[in-house]
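# Structure assessment
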Amino acid sequence: MGVSFSVKVPVFGYAEWEDPCNRKVKHCRFYVRIKDLPVGLPIDPVNTRKQNINQKVYQGVVRSAVMTPDKFHFQNNGMLVLVRSFDHKEGLATLNFGKNDGVGDGAHSYLSCVEANKRTGGVSEGYITFNVISGLENRVQKRVCLFRNTSMSNRVQTRYNYEGYFDLIKREIQRNSFASKVSYKENEKKKPIQARFLVS
(Lines give C-alpha, C1' and ligand atoms only; values in the text may rest on other atoms or scores of the structure.)
Protein backbone atom coordinates (compact mmCIF):
# COMPACT_ATOMS: atom_id res chain seq x y z
CA MET A 1 0.00 0.00 0.00
CA GLY A 2 1.59 3.28 -1.14
CA VAL A 3 1.76 6.74 0.35
CA SER A 4 -0.99 9.16 -0.71
CA PHE A 5 0.47 12.27 0.91
CA SER A 6 2.80 13.42 3.69
CA VAL A 7 2.60 16.01 6.44
CA LYS A 8 5.49 17.65 8.28
CA VAL A 9 4.79 19.06 11.73
CA PRO A 10 6.97 20.66 14.44
CA VAL A 11 6.98 18.44 17.54
CA PHE A 12 8.07 18.41 21.17
CA GLY A 13 9.06 15.40 23.30
CA TYR A 14 9.41 12.88 20.47
CA ALA A 15 9.86 9.18 21.29
CA GLU A 16 9.58 6.09 19.08
CA TRP A 17 9.70 2.31 19.60
CA GLU A 18 9.00 -1.01 17.91
CA ASP A 19 5.80 -2.88 18.59
CA PRO A 20 6.42 -5.69 21.11
CA CYS A 21 4.31 -8.19 19.11
CA ASN A 22 4.79 -7.23 15.45
CA ARG A 23 8.18 -6.06 14.15
CA LYS A 24 6.59 -4.51 11.05
CA VAL A 25 4.62 -2.10 13.24
CA LYS A 26 6.22 0.98 14.81
CA HIS A 27 5.00 3.56 17.31
CA CYS A 28 5.87 7.14 18.13
CA ARG A 29 4.47 9.75 20.49
CA PHE A 30 4.94 13.48 20.65
CA TYR A 31 3.28 16.81 21.42
CA VAL A 32 2.21 19.31 18.77
CA ARG A 33 1.43 22.93 19.59
CA ILE A 34 -2.19 23.64 18.75
CA LYS A 35 -1.15 26.60 16.61
CA ASP A 36 1.12 24.26 14.57
CA LEU A 37 -1.61 21.65 14.05
CA PRO A 38 -1.95 20.75 10.36
CA VAL A 39 -5.42 21.30 8.90
CA GLY A 40 -6.99 18.59 6.75
CA LEU A 41 -5.68 15.40 8.34
CA PRO A 42 -7.79 12.50 7.02
CA ILE A 43 -10.50 11.23 9.36
CA ASP A 44 -13.11 9.30 7.38
CA PRO A 45 -10.96 6.38 6.20
CA VAL A 46 -10.51 5.02 9.73
CA ASN A 47 -12.76 6.84 12.20
CA THR A 48 -15.98 5.06 13.12
CA ARG A 49 -18.37 8.02 13.38
CA LYS A 50 -19.12 11.47 12.08
CA GLN A 51 -17.73 14.22 14.28
CA ASN A 52 -19.96 16.95 15.70
CA ILE A 53 -18.03 19.55 17.70
CA ASN A 54 -21.21 21.58 18.25
CA GLN A 55 -22.11 19.22 21.09
CA LYS A 56 -21.69 20.71 24.55
CA VAL A 57 -18.80 18.47 25.61
CA TYR A 58 -16.73 19.37 22.54
CA GLN A 59 -17.44 23.06 22.86
CA GLY A 60 -15.89 22.58 26.31
CA VAL A 61 -12.80 21.14 24.60
CA VAL A 62 -12.63 24.21 22.35
CA ARG A 63 -12.94 26.52 25.37
CA SER A 64 -10.21 24.59 27.18
CA ALA A 65 -7.86 24.99 24.21
CA VAL A 66 -8.64 28.72 24.04
CA MET A 67 -8.89 29.66 27.74
CA THR A 68 -6.43 27.29 29.50
CA PRO A 69 -3.99 26.16 26.81
CA ASP A 70 -1.24 25.39 29.34
CA LYS A 71 -3.44 22.67 30.88
CA PHE A 72 -4.95 21.29 27.67
CA HIS A 73 -2.53 18.37 27.21
CA PHE A 74 -3.27 17.19 30.77
CA GLN A 75 -7.05 17.30 30.26
CA ASN A 76 -7.21 15.58 26.88
CA ASN A 77 -6.45 12.04 25.67
CA GLY A 78 -4.96 13.33 22.43
CA MET A 79 -5.16 11.59 19.07
CA LEU A 80 -4.44 8.18 17.61
CA VAL A 81 -3.03 8.67 14.11
CA LEU A 82 -2.54 5.69 11.77
CA VAL A 83 0.04 6.04 8.97
CA ARG A 84 2.13 3.96 6.56
CA SER A 85 5.40 5.31 7.97
CA PHE A 86 6.90 8.20 9.92
CA ASP A 87 10.24 9.93 10.38
CA HIS A 88 11.73 12.50 12.72
CA LYS A 89 14.58 14.95 12.08
CA GLU A 90 15.55 18.13 13.91
CA GLY A 91 12.23 18.64 15.67
CA LEU A 92 10.06 17.88 12.63
CA ALA A 93 7.96 14.73 12.34
CA THR A 94 6.94 13.51 8.89
CA LEU A 95 3.75 11.44 8.72
CA ASN A 96 3.17 9.46 5.51
CA PHE A 97 -0.50 8.60 4.98
CA GLY A 98 -1.90 5.85 2.77
CA LYS A 99 -5.45 5.93 1.39
CA ASN A 100 -6.86 4.03 4.40
CA ASP A 101 -4.94 5.98 7.08
CA GLY A 102 -5.92 8.91 9.24
CA VAL A 103 -7.10 10.01 12.69
CA GLY A 104 -8.50 6.79 14.17
CA ASP A 105 -9.40 8.16 17.60
CA GLY A 106 -9.51 11.69 18.98
CA ALA A 107 -10.98 13.28 15.85
CA HIS A 108 -13.31 15.42 17.98
CA SER A 109 -10.26 16.71 19.88
CA TYR A 110 -8.45 17.37 16.62
CA LEU A 111 -11.38 19.33 15.13
CA SER A 112 -11.88 21.18 18.43
CA CYS A 113 -8.24 22.33 18.28
CA VAL A 114 -8.66 23.41 14.65
CA GLU A 115 -11.71 25.42 15.76
CA ALA A 116 -9.70 26.90 18.67
CA ASN A 117 -7.10 28.08 16.15
CA LYS A 118 -9.83 29.81 14.15
CA ARG A 119 -11.13 31.58 17.24
CA THR A 120 -7.70 32.75 18.41
CA GLY A 121 -6.25 33.58 15.03
CA GLY A 122 -3.89 30.60 15.31
CA VAL A 123 -1.96 31.71 18.40
CA SER A 124 -2.88 28.99 20.93
CA GLU A 125 0.22 27.88 22.84
CA GLY A 126 -1.42 24.70 24.12
CA TYR A 127 -0.31 21.21 23.09
CA ILE A 128 -2.10 18.07 21.93
CA THR A 129 -0.65 14.56 22.08
CA PHE A 130 -0.13 12.51 18.92
CA ASN A 131 0.04 8.73 19.35
CA VAL A 132 1.15 7.43 15.95
CA ILE A 133 1.15 3.82 14.72
CA SER A 134 2.63 2.81 11.37
CA GLY A 135 2.40 -0.36 9.37
CA LEU A 136 -0.91 -1.85 10.50
CA GLU A 137 -2.90 -3.89 7.99
CA ASN A 138 -6.21 -2.35 6.96
CA ARG A 139 -8.39 -4.97 8.71
CA VAL A 140 -6.37 -4.57 11.93
CA GLN A 141 -6.70 -0.76 11.74
CA LYS A 142 -10.46 -1.06 11.47
CA ARG A 143 -10.63 -3.24 14.60
CA VAL A 144 -8.29 -0.94 16.53
CA CYS A 145 -10.44 2.10 15.71
CA LEU A 146 -13.66 0.29 16.51
CA PHE A 147 -12.40 -0.74 19.96
CA ARG A 148 -10.94 2.69 20.69
CA ASN A 149 -14.24 4.38 19.87
CA THR A 150 -16.48 2.21 22.05
CA SER A 151 -15.19 3.31 25.44
CA MET A 152 -17.74 4.69 27.91
CA SER A 153 -17.16 7.91 29.76
CA ASN A 154 -17.82 8.25 33.48
CA ARG A 155 -21.41 9.04 34.34
CA VAL A 156 -22.26 12.38 35.89
CA GLN A 157 -22.79 10.90 39.37
CA THR A 158 -19.33 9.27 39.28
CA ARG A 159 -17.69 12.52 38.18
CA TYR A 160 -19.45 14.48 40.94
CA ASN A 161 -18.21 11.97 43.51
CA TYR A 162 -14.64 12.13 42.17
CA GLU A 163 -14.70 15.93 42.24
CA GLY A 164 -15.88 15.98 45.87
CA TYR A 165 -19.42 17.29 45.42
CA PHE A 166 -20.85 14.54 47.63
CA ASP A 167 -18.33 14.99 50.48
CA LEU A 168 -20.77 17.12 52.51
CA ILE A 169 -23.42 14.38 52.31
CA LYS A 170 -20.87 11.74 53.32
CA ARG A 171 -19.87 13.75 56.41
CA GLU A 172 -23.46 14.50 57.40
CA ILE A 173 -24.75 10.91 57.22
CA GLN A 174 -21.67 8.97 58.31
CA ARG A 175 -23.15 8.11 61.74
CA ASN A 176 -26.54 7.03 60.39
CA SER A 177 -27.35 3.34 59.96
CA PHE A 178 -28.14 3.78 56.26
CA ALA A 179 -24.77 5.46 55.41
CA SER A 180 -23.25 2.24 54.05
CA LYS A 181 -26.21 1.77 51.71
CA VAL A 182 -25.61 4.97 49.73
CA SER A 183 -24.07 4.73 46.27
CA TYR A 184 -21.97 7.67 45.08
CA LYS A 185 -20.72 6.28 41.79
CA GLU A 186 -21.71 3.86 39.04
CA ASN A 187 -21.22 0.12 39.51
CA GLU A 188 -21.97 0.21 43.23
CA LYS A 189 -25.00 -1.89 42.34
CA LYS A 190 -25.48 -3.58 45.71
CA LYS A 191 -26.20 -0.26 47.41
CA PRO A 192 -29.92 0.58 47.20
CA ILE A 193 -29.75 4.37 47.74
CA GLN A 194 -28.23 6.68 45.14
CA ALA A 195 -26.69 9.94 46.29
CA ARG A 196 -28.72 11.85 43.70
CA PHE A 197 -31.91 10.86 45.51
CA LEU A 198 -30.53 12.35 48.74
CA VAL A 199 -29.72 15.56 46.84
CA SER A 200 -33.28 15.60 45.46
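Scope of this entry: the structure provided in the associated data block. Worth saying up front: this structure is predicted, and the values here are computed from it rather than measured.

### Details of the sheet that holds strand S3 (residues 26-33)
Read from one edge to the other, the open sheet built from five strands follows the order S2-S3-S8-S4-S7, with strand pairing classed as mixed. Looking at the sheet topology across the chains shown, the edges are occupied by strand S2 (12-18) and strand S7 (102-105). Across the sheet, the mean angle separating the axes of adjacent strands is 25 degrees when strand polarity is ignored. Pairing between S2 and S3: five bridges, direction antiparallel. What sits directly across from Phe12, in S3, is Tyr31. Helix H3 (residues 107-120) rests against strand S4 (79-83), S7 and strand S8 (127-134) of the sheet, and its axis sits at about 135 degrees to S8. Packing against the sheet, helix H4 (residues 138-148) makes contact with S4, S7 and S8, and its axis sits at approximately 175 degrees to S4.

### Some points on the layout of surface pockets
Of the pockets and cavities examined, the second largest pocket occupies roughly 200 Å³. Lining the second largest pocket we find Arg155, Gln157, Thr158, Ser183, Lys185, Glu186, Asn187, Glu188, Lys189, Lys191 and Gln194. Grouping the amino acids of the lining of the second largest pocket by side-chain chemistry returns no nonpolar, five polar and six charged.

### Description of the environment of Gly40
Secondary-structure assignment places Gly40 in the loop between S3 and helix H1 (56-67). Gly40 sits 33 residues away from Val7 along the chain, and the two C-alpha atoms are 9.9 Å apart.

### Digging into the nonpolar core
Among the nonpolar cores identified, the biggest contains 31 residues, and Phe30, Leu95, Phe130 and Val132 are the most heavily contacted of them. Here the element with the most residues in this core is H3; it accounts for five residues. Beyond its immediate stretch of four places on either side in the chain, Phe30 contacts Val9, Val11, Phe12, Gly13, Tyr14, Ala93, Leu95, Ile128, Thr129, Phe130 and Val132. By size, the runner-up hydrophobic cluster in this structure holds seven residues, among which are Phe166, Ile173, Val182 and Ala195.

### Here's the deal with the sheet that holds strand S1 (residues 5-10)
The sheet built from three strands is open, its strands ordered S1-S6-S5 with antiparallel pairing. With partners counted over all chains shown, the strands left at the sheet margins are S1 and strand S5 (85-89), one partner each. Going across the sheet, the axis of each strand differs from the next one's by a mean of 20 degrees, ignoring polarity.

### Digging into the pattern of salt bridges
Applying the stated criterion across every chain yields a total of eight salt bridges. As a salt-bridge pair, Arg33 and Asp36 come within 3.2 Å of each other at their nearest N and O atoms. Since its relative accessible area comes to 27%, Arg33 is described here as partly exposed. A salt bridge links Glu115 to Arg119, with the nearest nitrogen and oxygen atoms 3.0 Å apart.

### A look at the pairing of S8
Two faces make up the sheet, and in a regular strand the side chains alternate between them. Burial analysis of S8 places seven of its eight residues in the buried class, the great majority of the element. As judged from the eight bridges shared by S3 and S8, these two strands associate in the antiparallel manner. Bridge pairing links Val32 to Ile128 in S8. Pairing of S4 with S8 involves five bridges; the strand directions are parallel. Counterpart to Met79 in the pairing with S8 is Phe130.

What counts and what doesn't
- Residues numbered from 1 in each chain as written.
- Predicted model: local features only at pLDDT ≥ 70, side-chain atom pairs only at ≥ 80, totals over all residues.
- Heavy atoms only, no water.
- Pairing = 2+ DSSP bridges.
- Helix = DSSP H or I, 4+ residues; strand = E, 2+ residues; numbered from the N terminus.
- Axes fitted to C-alpha atoms, helices over the stretch in contact; angles between N-to-C directions.
- Contact = heavy atoms within 4.5 Å.
- 1 Å grid on protein atoms, 1.4 Å probe; cavity = no way out; pocket = protein on both sides within 12 Å on 5 of 7 lines; lining within 4 Å.
- Points joined across faces, edges and corners; volume = space filled by probe spheres on them.
- Nonpolar A, V, L, I, M, F, W, Y, C, P; charged D, E, K, R; others polar.
- Core = buried A, V, L, I, M, F, W, Y, C linked by side-chain atoms within 4.5 Å.
- Buried < 20%, exposed > 50% of the residue type's maximum accessible area, 1.4 Å probe, protein only.
- Salt bridge = Lys/Arg side-chain N within 4 Å of Asp/Glu carboxyl O.

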